[in-house]
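# Fold and contact review
Below, each chain spelled out in residue letters.
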Amino acid sequence: MKEETVIKVEGLTKVFGDFTAVNKISFHVRKGEIFGFLGANGAGKTTAMKMLIGISSPSSGSANVAGFDVYTQTEDIKKSIGYMSQKFALYDDLTVKENIRFFGGIYGLSKNRISQKSNLLIEELGLEKVAHSLVGSLPLGWKQKIAFSVSLLHDPKIVFLDEPTGGVDPITRRQFWEMIYKAANNGTTIFVTTHYMDEAEYCDRVSIMVDGNIEALDTPKNLKTHFGSDSMNDVFLKLARS
Amino acid sequence: MRVILYIIDKEFRQIFRNKGMLPIIFILPLLQLVILSNAATYEINNISFGYVDNDHTHTSRALIDKFRASTFFDVFQVFPHPKESDLAMLQGEVDVVLTIPEHFERDLWKDKNIDLGVTINAIDGAAAGVENVYITQIIKTFNKNLSVDMVQLSNNTVRPVLIEGIPLFWYNKTLNYKTFMVPGILVLLVTMITLFLSGMNIVREKEMGTLEQINVTPIKKHHFIIGKLFPFWVIGMGLLTIGLVMAKLIFATPMLGSLALMYFYTSIYILVILGMGLFISNFTDTQQQAMFIAWFFVVIFILMSGLFTPIESMPKWAQFLTEFNPIKYFVEIMRMVMLKGSGLTDILPQLVKTALYAVIMNAMAVWSYKKIT
């Protein structure tokens, strides 16, 4: 594993009124790593991620994403990252091709590059038949795959995935993770939040957040040894209940 | 610049793909123009008229006939006694009751002062005022004819001097209310459609979650806003065009001024409304909220625009508030250019204020759109 660090977080905090959603979290993510960001509902995962992708200002602490500061260089961060939310935000009333063109366009890709990327994406996902169908008419699993591919359109250094596989069958989830591996092999860093503990096993390293704090951070193997469990599920339950 | 084109392209596709919205955007406003221009009139017609004739003479019947001949009055009811007429008024069967006193004819010939009883249902004060004018006019003409008759009969050398004002109505010579209303209604439909569309647009993306996706892209705020507004600006201009054509074809509304000036002013005016819509959009979380707020402003703007009630008769503080009402300026300009043929120098004050308004509103829209929370 290469030792180049692409996300550096030190004491990052987000306070809403008198509620501390994220409490002085610190961690590093290396280039090309699949970093699992785990935690129960309301543990502060999404809040922490929003600070890293530059759509929420931190209350204190520091963070550096792809070499840019989250306070002052959010627009530079946005050029270097991809993002896919749990609501997989493609336009339902645009076709697959139109979505690709629009997002390619606002990332500033050239016309040629867009049509090149668009053809490649459609071919890889086997979407030839539905390329001109409205996204709204496609099954959820397909939408998620397309959304993921769209988030990679501008060749970002890091991709942030916020619960990308919610609500789909195990086969589709499996296929989705194959896509994630492929992107990671190409050198893209993957920062992913999930509820599925089997998915946590696929990650290179995972952090587990409880009530705004990171309670554990290591490889799945080490975590299991440390907590004396045979599955990540057990590790998660032990941490979340303590 | 290229980024803006991609946004405009996307917005147009979405608008024209929405088969439910298209008729709302283009057909409803035109129905509005046709219906409102015909229905919204200050003229009061079909006044239900009743009378109590205590005189029963040739002259009293002649007076009633005058009312019968008028096109404003309808439904003639005779009441033998004021009690019945009062009851009918209470039940809303009549709007106006004329009571002719006993010895009306005799007193008239004797040149005595006569008091005719006129009772008007004044729940709608403005209508009552107009009805009063109609009634007074009829009675006056009747009295004048009568005195002329009397003069001729008595062979008197002293002729009564009748002084009469002959009003001259400029710019709308026939006092055609449609000519007056059509430009105003046109303003309404251009304003309402563009405000509602732009007001709900960004909120809709918030609701769908696509705005968050936009916010994690390196898109520039003003690129996004310009891209978002331009399609609605085009729609607004399109509506003006369709509206002007319909005004000409259906209502034969005159267009005395320059069409180019009209378009120039409207192009700036729509920017004010779009900026306002986006501003609302930025401060609301659901389309419902945005709709209510937009509606709140539209109602105030319309009622205080001088479209239905003259601004001159509003209280001073309200007159001051109308300075901040963009619809007021547009109504003024529309009427000035279409009916009076005003030129650029005539409308310069309104033009400058509107342009200033547009700059402020859009600066606020861009400022209040935050990619970072």
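This is a predicted model, so every value here is computed, not measured.

## Some remarks on the overall build of chain B
From N to C terminus, chain B includes 14 helices and four strands. Classification of the 373 residues of chain B by burial places 46% in the buried group. Restricting the contact set of chain B to residue pairs at least 6 apart, pairs at least 24 apart contribute 78%. Taken as a whole, chain B presents about 19,300 Å² of accessible surface, with 66% of it coming from carbon and sulfur.

## Focus on the confidence of the model for chain A
A low pLDDT means the predicted coordinates there should not be read in detail. Averaged over all residues, the pLDDT of chain A is 90; the fraction at 70 or higher stands at 98%. Predicted confidence in chain A is weakest over helix α9 (residues 232-241) of chain A, with a mean pLDDT of 84, and strongest over helix α3 (residues 96-106) of chain A, with 94.

## Thoughts on the nonpolar core
One broad rule of soluble globular proteins: the nonpolar side chains tend to lie buried together. One finds F148, L161 and M232 of chain A to be the most contacted residues of the largest nonpolar core, which totals 119 residues. The element best represented in this core is helix α7 (residues 177-208) of chain B, accounting for 16 residues. Setting aside its immediate chain neighbours within four residues, F148 of chain A contacts M84, V159, L161, F176, M179, I180 and A183 of chain A. Judged by nonpolar contacts, the second largest core, of 30 residues, contains F35, M51, I81 and Y83 of chain A.

## Things to note about the packing of aromatic side chains
Residues and elements named next belong to chain B. Considering all chains together, one arrives at 29 aromatic pairs over all chains under this definition. Note on F49 and F73: the rings are 5.4 Å apart at their centroids and 70 degrees apart in plane angle, and the pair reads as edge-to-face. One end of the pair, F49, is in strand β1 (residues 47-53); the other, F73, is in strand β2 (residues 73-78), and 24 residues separate them in sequence. With respect to class, F49 is no different from F73; both count as buried. Aromatic side chains Y265 and F330 sit 5.7 Å apart centroid to centroid with 40 degrees between the ring planes, which places their arrangement in the tilted category.

## Some words on the environment of V135 of chain A
Residue and element names in this part refer to chain A. Residue position: V135 is located in the loop between α4 (111-125) and α5 (140-151). The exposure class assigned to V135 is buried, which follows from its relative accessible area of 0%. Sequence separation of V135 and T95 is 40 residues, and the distance between their C-alpha atoms is 5.4 Å. Discounting residues that sit within four places of it in the chain, V135 has contacts with L90, Y91, D92, L94, T95, V96, N99 and K143.

## Notes on the interface of chain B and chain A
Each side of the interface is counted separately: chain B has 27 residues, and chain A has 33 residues. Here chain B and chain A share an interface that buries about 2,700 Å² over both sides, 57% of which is from carbon and sulfur atoms. Remark: the boundary between chain B and chain A carries five salt bridges. For D9 of chain B, the salt bridge identified is with R101 of chain A, shortest N-O distance 3.2 Å. On the surface where chain B and chain A come into contact, there are 13 residue pairs in polar contact (both at pLDDT 80 or more). Contributing elements (two or more residues each) for the side of chain B that touches chain A: α1 (2-17), α7 and α8 (210-215) of chain B. Among the elements that make up the side of chain B that touches chain A, the one with the highest residue count is α1 of chain B (nine residues). Of the residues assigned to the side of chain B that touches chain A, the class counts are nine nonpolar, seven polar and 11 charged.

## Some words on the side chain of H154 of chain A
Residue and element names in this part refer to chain A. Looking at the element boundaries, H154 is found in the loop between α5 and β7 (158-162). Within the structure, the side chain of H154 is placed 2.7 Å from the backbone oxygen of I81, a separation counted as a polar contact. Ignoring anything within four residues of it in the chain, the contact list for H154 reads K78, K79, I81, G82, Y107 and L109.

## Structural notes on the pattern of salt bridges
Using the criterion set out here, one finds 25 salt bridges over all chains in the structure. Between K50 of chain A and E212 of chain B there is a salt bridge, with the nearest N and O atoms lying 3.2 Å from each other. Taken as a pair, K50 of chain A in helix α1 (residues 45-52) and E212 of chain B in helix α8 lie in two separate chains rather than in one. Given a relative accessible area of 22%, E212 of chain B falls into the partly exposed group. Ionic pairing is found between K228 of chain B and E205 of chain B, a salt bridge with its closest N-O pair at 2.7 Å. Here E205 of chain B lies in helix α7 and K228 of chain B lies in helix α9 (residues 221-251), a separation of 23 residues in the sequence. One network of salt bridges, with partners in common, ties together E98 and R101 of chain A together with D9, R13 and R17 of chain B.

## Description of the environment of L344 of chain B
All names here are of chain B. As for its placement among the helices and strands, L344 is situated in helix α14 (residues 344-368). Looking at L344, the relative accessible area reads 45%, which means it is partly exposed. Placed 87 residues apart in sequence, L344 and G257 show a C-alpha to C-alpha distance of 9.6 Å.

## Points about the sheet that holds strand β1 (residues 5-16) of chain A
Two orientations exist for strands paired in a sheet by backbone hydrogen bonds: parallel and antiparallel. Residue and element names in this part refer to chain A. Read across the sheet, four strands follow the order β2-β1-β4-β5 without closing on themselves; strand pairing throughout is antiparallel. A single partner strand is all that each edge strand has here, and the edge strands are β2 (19-30) and β5 (68-69). Contacts between α1 and the sheet are confined to β1, β2 and β4 (60-65), with β1 contributing the most and set at about 120 degrees to the helix.

Parameters at a glance
Residues numbered from 1 in each chain as written. Chains lettered and ligands numbered in written order. Predicted model: local features only at pLDDT ≥ 70, side-chain atom pairs only at ≥ 80, totals over all residues. Heavy atoms only, no water. Helix = DSSP H or I, 4+ residues; strand = E, 2+ residues; numbered from the N terminus. Buried < 20%, exposed > 50% of the residue type's maximum accessible area, 1.4 Å probe, protein only. Contact = heavy atoms within 4.5 Å. Areas by Shrake-Rupley, 256 points an atom, 1.4 Å probe, with all protein chains shown as cover. pLDDT = per-residue confidence, 0-100. Core = buried A, V, L, I, M, F, W, Y, C linked by side-chain atoms within 4.5 Å. Phe/Tyr/Trp six-rings, centres within 6.5 Å; stacked < 30°, edge-to-face > 60°. Buried area = accessible area lost by both parts, 1.4 Å probe. Salt bridge = Lys/Arg side-chain N within 4 Å of Asp/Glu carboxyl O. Polar contact = N/O pair within 3.5 Å; in protein donor to acceptor, adjacent residues only side chain to side chain. Nonpolar A, V, L, I, M, F, W, Y, C, P; charged D, E, K, R; others polar. Pairing = 2+ DSSP bridges. Axes fitted to C-alpha atoms, helices over the stretch in contact; angles between N-to-C directions.

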